[in-house]
Amino acid sequence: MSSSPQRGADRPGARGTERSAARRAELIAIGRKLFADTSYDALSMDDIAKQAHVAKGLIYYYFRSKRGYYLAIVEDSVAELVSRAAGGVELPPEERVHRTIDGYLRYAEHNQAAYRTIISGGVGFDAEVHALRDGVREAIVETIAEGAYGRRKVGPLPRTALLGWLCSVEGATLDWIAHRGLPRDLMRELLVKMLGGTMRAVEELDVSYPAPQAAHRTAATS
């Protein structure tokens, strides 16, 4: 009787791939800590290798250049931010909106350097980092739209309104992590009320996009 095929994870090549992915992820985690405390220009590849306790060639092997390493770190940060903000699909719409905003604030609070990099667009005008930031915005706008209107893709009016709200969230969050004048729960409720006002404005201009009942309750209790 012939032996059964080995599972992919048991093959030497698969194990090597897993080890390689784990090593790459470890280097990205180290890089996130390094760039959290030091600017991009202030860190040379020699500095990075020394602080990471690895050979410089290993970083080149996985990322090809300092810029490649930096972009991988930003991409990892973006993926975490989107994951935190877009979770909770099993929740009722109103709870999901609260969870989305809370997850967004928690990420900014605990990953301040990464958040600033994502929102500011990286080093100077970095087109690739700007593209990553735009991807974050699109994902969060779609998440809010799904919670509010039951679908991720909406027309130009609500999309523009939600994007405008999100841009104001970015500015407010940057100020919040810089000064910490408000507890996170109060900051979240402020942003929720701002979102309610945005949705009521959309409804006034286009009745095919009615604001959720929660947005009207927010107005009534203001």
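In this report, the structure presented in the accompanying data block is examined.

Each value, and the rule that gives it
- Residues numbered from 1 in each chain as written.
- Predicted model: local features only at pLDDT ≥ 70, side-chain atom pairs only at ≥ 80, totals over all residues.
- Heavy atoms only, no water.
- Salt bridge = Lys/Arg side-chain N within 4 Å of Asp/Glu carboxyl O.
- Helix = DSSP H or I, 4+ residues; strand = E, 2+ residues; numbered from the N terminus.
- Buried < 20%, exposed > 50% of the residue type's maximum accessible area, 1.4 Å probe, protein only.
- Contact = heavy atoms within 4.5 Å.

Observations regarding the pattern of salt bridges
Tallying each qualifying case throughout the model produces 19 salt bridges. A salt bridge links Asp76 to Arg32; its shortest N-O distance comes to 2.8 Å. With a gap of 44 residues between them, Asp76 in helix H4 (residues 66-86) and Arg32 in helix H1 (residues 12-37) connect regions that are remote in the sequence. On the basis of relative accessible area, Asp76 is assigned to the partly exposed category, the value being 32%. We note a salt bridge from Arg188 to Asp102, for which the minimum N-O separation is 3.2 Å. One end of the pair, Arg188, is in helix H9 (residues 184-205); the other, Asp102, is in helix H5 (residues 93-110), with 86 residues separating them in the sequence.

Quick look at the environment of Val136
Along the polypeptide, Val136 turns up in helix H7 (residues 127-149). Between the C-alpha atoms of Val136 and Val82, which are 54 residues apart in sequence, the distance is 6.3 Å. Apart from the residues within four sequence positions on either side, Val136 is in contact with Val78, Leu81, Val82 and Ile118.

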